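Summary of the model geometry
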Amino acid sequence: MTAPETKKLGLWTATSLVVGNMIGAGVFLMPAALAAFGSVSLLGWLFSAIGSFLLAKVFSNLSKLLPNATGGPYAYTRHGLGEFPAFLAGWGYYLATSCANAAITISFVSAMSTFIPALSANPTAAAATGLGTVWLLTAINTRGVALSGKLQLITTILKLLPLAIISVAGLFFIHANNFHPFNGTHDTTLGAITTTAAMTMFSFVGIESATVPSGSVADPARTIPRATLLGLLIATAVYILSSITVMGLIPSAQLQHSPTPFADAASTIFGRGSRYWVSAGIAIAAFGALNGWTLVQSQMPYAIARDGLFPRLFTRTNSRGVPYIGLLVNSTIVSILIGMNYTSALVEQFRFLLLLSVFAMLVPYLFTTAAYVILQTSLPKKAKPTVAILGLLAFSYTLWEIIGAGPTAVFHGFILLMAAVPLYVWTRRESTKP
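Residues numbered from 1 in each chain as written. Predicted model: local features only at pLDDT ≥ 70, side-chain atom pairs only at ≥ 80, totals over all residues. Heavy atoms only, no water.

**What to know about the overall build of the protein**
Spelled out, the test is: Only DSSP runs of H or I covering at least 4 residues are called helices, and only runs of E covering at least 2 are called strands; the numbering of each starts at the N terminus. Buried residues are those whose accessible area, probed at 1.4 Å on protein chains only, stays under 20% of the maximum for their type, while exposed residues exceed 50% and partly exposed ones sit between those limits. Only the protein chains shown count as cover for residues, with accessible areas throughout obtained via the Shrake-Rupley method and a probe of 1.4 Å.
When you go through the protein residue by residue, the secondary structure sums to 19 helices and zero strands. Looking at the protein as a whole, 59% of its 434 residues are labelled buried. A total of about 16,400 Å² of accessible surface is found on the protein, and carbon and sulfur atoms cover 70% of it.

**What about the side chain of T369?**
The topology assignment puts T369 in helix α16 (residues 346–377). The class of T369 is buried, set by a relative accessible area of 1%.

**Quick word on a nonpolar patch on the surface**
The condition is simple: Residues enter patches when they are more than 30% accessible in relative terms and free of salt bridges; like-charged ones are connected within 9 Å and nonpolar ones (Val, Leu, Ile, Met, Phe, Trp, Tyr) within 5 Å. A pairing counts as a salt bridge when a side-chain nitrogen of Lys or Arg comes within 4 Å of a carboxyl oxygen of Asp or Glu.
A cluster of nonpolar residues, L43, L46, F47, I50 and F182, forms a patch on the protein surface that exposes about 430 Å² of accessible area. Counting through the fold element by element, F182 comes out in the loop between α8 (145–169) and α9 (189–201).

**A closer look at helix α18 (residues 407–418)**
To be explicit about the condition: Multiplying one less than the number of residues by 1.5 Å gives the expected span of a helix. For this quantity, the arc is that covered by the directions from the helix axis to the C-beta atoms.
The terminal C-alpha atoms of α18, which comprises 12 residues, lie 16 Å apart, in line with the 16 Å expected from a rise of 1.5 Å per residue. Looking at α18, one finds that the buried residues are A409, G413 and L417. With its buried residues spanning 60 degrees around the axis, α18 presents them on a single face. Projecting away from the buried face of α18 at angles above 90 degrees are the exposed residues P407 and F411.

**Observations concerning the packing of helix α5 (residues 83–112) against α18**
Put simply, the rule reads: Axis angles are defined between N-to-C directions and span 0 to 180 degrees, where every axis is a line fitted to C-alpha atoms and, for a helix, only to the segment in contact. Angles below 35 degrees are treated as roughly parallel, those above 145 as roughly antiparallel, those between 65 and 115 as roughly perpendicular, and all remaining angles as oblique. Crossing chirality is assigned from the near helix's rotation relative to the far helix, an anticlockwise turn below a right angle marking it left-handed and a clockwise turn marking it right-handed. Contact criterion: two residues are considered in contact whenever any of their non-hydrogen atoms come within 4.5 Å of each other. By the convention adopted, Pro, Cys, Tyr, Trp, Phe, Met, Ile, Leu, Val and Ala count as nonpolar, Lys, Arg, Asp and Glu as charged, and the other residues, Gly among them, as polar.
Contact pair α5 / α18: the axes reach a minimum separation of 10 Å and the direction vectors enclose 125 degrees. By the angle between their axes, α5 is oblique relative to α18. Handedness of the α5/α18 crossing: right-handed. Counted together, L88, W91, G92 and L95 of α5 and L416, L417 and M418 of α18 form the full contact between these two elements. Tallied by class, the residues present in the contact of α5 with α18 amount to six nonpolar, one polar and no charged.

**As for helix α7 (residues 123–141)**
In an α-helix, one turn spans 3.6 residues, which is why side chains three or four residues apart end up on the same side. Applied cut-off: Polar contacts, as counted here, are pairs of nitrogen or oxygen atoms within 3.5 Å of one another; within protein the pair requires one atom able to donate a hydrogen and one able to accept it, and residues that are adjacent in sequence qualify only if both atoms are side-chain atoms.
With 19 residues, α7 extends 27 Å from end C-alpha to end C-alpha; this agrees with the ideal 27 Å at 1.5 Å per step. Among the residues of α7, A126, A127, G130, T133, V134, L137, T138 and N141 are the ones counted as buried. The arc enclosing the buried residues of α7, seen along the axis, measures out at 135 degrees, which places them on a common side. Capping the start of α7, N122 holds a side-chain oxygen 3.0 Å from the backbone nitrogen of T124, two or three residues further along.

**Some words on the side chain of D264**
By the secondary structure assignment, D264 is in helix α12 (residues 261–270). Judged by its relative accessible area of 17%, D264 falls in the buried class. Other than its neighbours up to four places away in sequence, D264 contacts I250, S258 and R275.

**Let's talk about the environment of L131**
With respect to the helices, strands and loops of the structure, L131 is situated in helix α7. Accessibility expressed as a relative area gives 28% for L131, which makes it partly exposed. Through-space distance from the C-alpha of L131 to that of A102 is 9.4 Å; in sequence the pair is 29 residues apart. If near-sequence neighbours (up to four positions away) are discounted, L131 is found in contact with S335 and I338.

**With respect to the packing of aromatic side chains**
Stated precisely, the cut-off is as follows: Between 30 and 60 degrees the pair is tilted, below 30 it is stacked and above 60 it is edge-to-face, where a pair is any two Phe, Tyr or Trp rings, Trp via its six-membered ring, whose centres lie within 6.5 Å.
Using the criterion set out here, one finds 17 aromatic pairs in the structure. Taken together, a centroid distance of 6.1 Å and an interplanar angle of 70 degrees make the contact between W45 and F204 edge-to-face. Of this pair, W45 sits in helix α3 (residues 41–65) while F204 sits in the loop between α9 and α10 (220–249), and the two are 159 residues apart along the sequence. Summarising the burial analysis for this pair, W45 and F204 share the class buried. Aromatic pair W45 and Y239: ring centres 4.9 Å apart, planes at 25 degrees, arrangement stacked. One end of the pair, W45, is in helix α3; the other, Y239, is in helix α10, and 194 residues separate them in sequence.

Shown next, in the form of structure tokens:
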């Protein structure tokens, strides 16, 4: 699907898609989710940032090689490894966006609970608020990529303001004692780093966002690589600085039970009244991230279906060129996840959806790193040795992150991946009929 040139995403809107999808996907509840591990989790941030840079380089190089390949990881896998691995990559990505959108919705509801306390005490009210938000953004995204892109740019700017203020101002209020214990688990330091790196990797999910709607990006060969690396740089700076600040401000025992860690940090710095404007900023940020992922989620099934590996129903577009079937189906899945999981604490839900989403997303990442080496080495011009080194490092990092996701997430994620195999068989059979 190629949008008219005047309605395509430019550098800043593409960058805001990357930044908005990453930051909104994990930073808001992450300090609470990591608090039980201790300050060793800061090393988890560092390792996941380094690994994400390797993945960003892979995606940037592939976007130059295949600038018009709508579908990102799916399209790259199809060109490098073939149809069945591409189907699994696309299905895994679709599952990941569903889990991510459910987790982001929980973040949004958590932020709104500052203004409406009933949302943290009444699961029915919380679920209803989350569902209403999901379907509102689904309706907005059926209006076209240009409107969604403008909304994404605005919400990304608004979300960075409170994060930057808290992260910088909070450095002057840090207490060193709050960074103890270093390792609050019964696991080894390496084991704790592996687990926290997998959890923080959730916050880097989205580095490929600019590659997915490549047909709707202006000058994709130049814009996508620049947007990917610029977005990663901005998000990494925000993540590490804000994590140091929040962990240094709030004792670990208190932080791990906080539904609004950034609002609590702002209260420590500026007084209790500040928690309201911080929660408003966080709510806007989560809203923007949900919008960005909603924009992306329709592109993947469209690309797969266009290649005959998904039901043709998903190739249908509305009068504005939006593949709306993928939007509706994914939002329905997100709604089911929200309804099923609003029975436990917000942080507990967030942690499970986080790890499940990470595993589902890491599968397409893993295939993409392998496809990268194959595609680069198949070019007429001899590939540089750095191609194999980058591919191997990115592949190894992704595999390590899958291990870190833990047996529960890997088990459930693997079952969900394999459950789609009959769909692949049926679709291929239908596409080969005379």
